[in-house]
Amino acid sequence: MRKNSRKIDGIQRGRWNVACVAKFSRRRAEKVEVQRRSLDSSHARDLTALWLDGASPSESDLRAANSLAARLASFDGLRPFSGVVESLIDHVSCPDFNLDEVRRLVESDPALAARILRVANSAAYRAQGPCASVAQAIVRIGATNVSGLAMAMSAMTLFKDLGGVGRKIRDHSAGTAVIARELAMCLDQGALSSKVFLAGLLHDLGKLLLIQTGDVAYATMVAQELSPCSLHLREQALWGFDHATLGAHMLLSWKIPSPIPQLIACHHQPKGGQGGASSLAQAIDLLRIADVVDWLLGQGCAADSPWVRRLADSPDGVRAGLGDETLPSLWSDLHSIREEALQVFK
């Protein structure tokens, strides 16, 4: 544990040469700036609305919106969903959708059907017995949740071409998802479980998108496995926005329904509603806690680690109701569920 503590301390002290990263990224930003046009004020305000929660954007917010718009434009046309998933999304969006049609669509894609069955039989859904058919899986997970799960799984296929960095993002996303769901169930917030599960699967999509721009310095930063509490600060210093904001806007462009984009936009910088009793604020707290829990588990932290206690006593932990002993008592179960998820979403 002492070795792991030293590793975490070293990471958080920022041994990375930020000056070199900033210099590299400024050159890229200057090149992009020459090629792009500034947004008109109304469009810029539309972009900032997701992370400002109705507040008037400052000059720095508007500059961030311009930077964000340039990045989003570079991904124009990117949509990772297959025809089956597109049809599933469209069908479930209708208020009178048919369960038999949901089953038919899922079964028409053997790979998707296999993954849905694996999730339905995983510890994340606390099965009382084996789930042997797609029809049973849909009932257990819920048709709307199956649609969301299919979307998330399709998006996660984008991680496959990025080698080791892509695998780290995928594994962290899967771990965060199942931990967030488990925390929701254990803290009597079961109504939020499916939302935080899907948000967890997609919360680091923005990292993937930034890596795909070919920014070698950024890919190296991600590979360093920085604490979830630090990487977004470097992103904001370099570009004015972070991977959470970028990923959320990309999901909006893919017409992913609320509150998933909102949860992802706020998972590093919660704005309006933080500290309140709204379901959105509670879901953000769960997602933020799960994000850190997965990272700590990946670093080998034990239940009695001071880092675990610090997380439980954090504002997020207090609002979520973790208490003094709740998180340490859940640690072993969270570890087991995470390990299984890494195999389910492989």
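Residues numbered from 1 in each chain as written. Predicted model: local features only at pLDDT ≥ 70, side-chain atom pairs only at ≥ 80, totals over all residues. Heavy atoms only, no water.

## A word on the overall build of the protein chain
So, step 1. Counting secondary structure elements, the protein chain contains 20 helices and 0 strands.
So, step 2. By residue count, 52% of the 346 residues in the protein chain fall in the buried class.
So, step 3. Counting only contacts in the protein chain whose residues sit at least 6 apart along the sequence, the fraction spanning at least 24 positions is 70%.
So, step 4. Put simply, the protein chain shows about 15600 Å² of open surface, and 51% of that area lies on carbon and sulfur atoms. (Helix = DSSP H or I, 4+ residues; strand = E, 2+ residues; numbered from the N terminus. Buried < 20%, exposed > 50% of the residue type's maximum accessible area, 1.4 Å probe, protein only. Contact = heavy atoms within 4.5 Å. Areas by Shrake-Rupley, 256 points an atom, 1.4 Å probe, with all protein chains shown as cover.)

## A closer look at the packing of aromatic side chains
So, step 1. Evaluated as defined, the whole model comprises 4 aromatic pairs.
So, step 2. Each ring, one from Phe-197 and one from Phe-345, has its centre 6.4 Å from the other, and the planes form 50°; the classification is tilted. With Phe-197 in helix 11 (residues 193–202) and Phe-345 in the segment after helix 20 (323–344), the pair connects residues that are 148 residues apart, well separated along the chain.
So, step 3. Its relative accessible area of 2% is what places Phe-197 among the buried residues. (Phe/Tyr/Trp six-rings, centres within 6.5 Å; stacked < 30°, edge-to-face > 60°.)

## Overview of the confidence of the model for the protein chain
So, step 1. Here the protein chain averages 80 in pLDDT, while 80% of its residues score no lower than 70.
So, step 2. Of all secondary-structure elements in the protein chain, the lowest mean pLDDT belongs to helix 2 (residues 18–35), at 40, while helix 17 (residues 279–298) reaches the highest, 94.
So, step 3. Segment residues 10–37: pLDDT under 50, and 35 contacts once partners within four positions in sequence are set aside and those in other chains are kept. (pLDDT = per-residue confidence, 0-100.)

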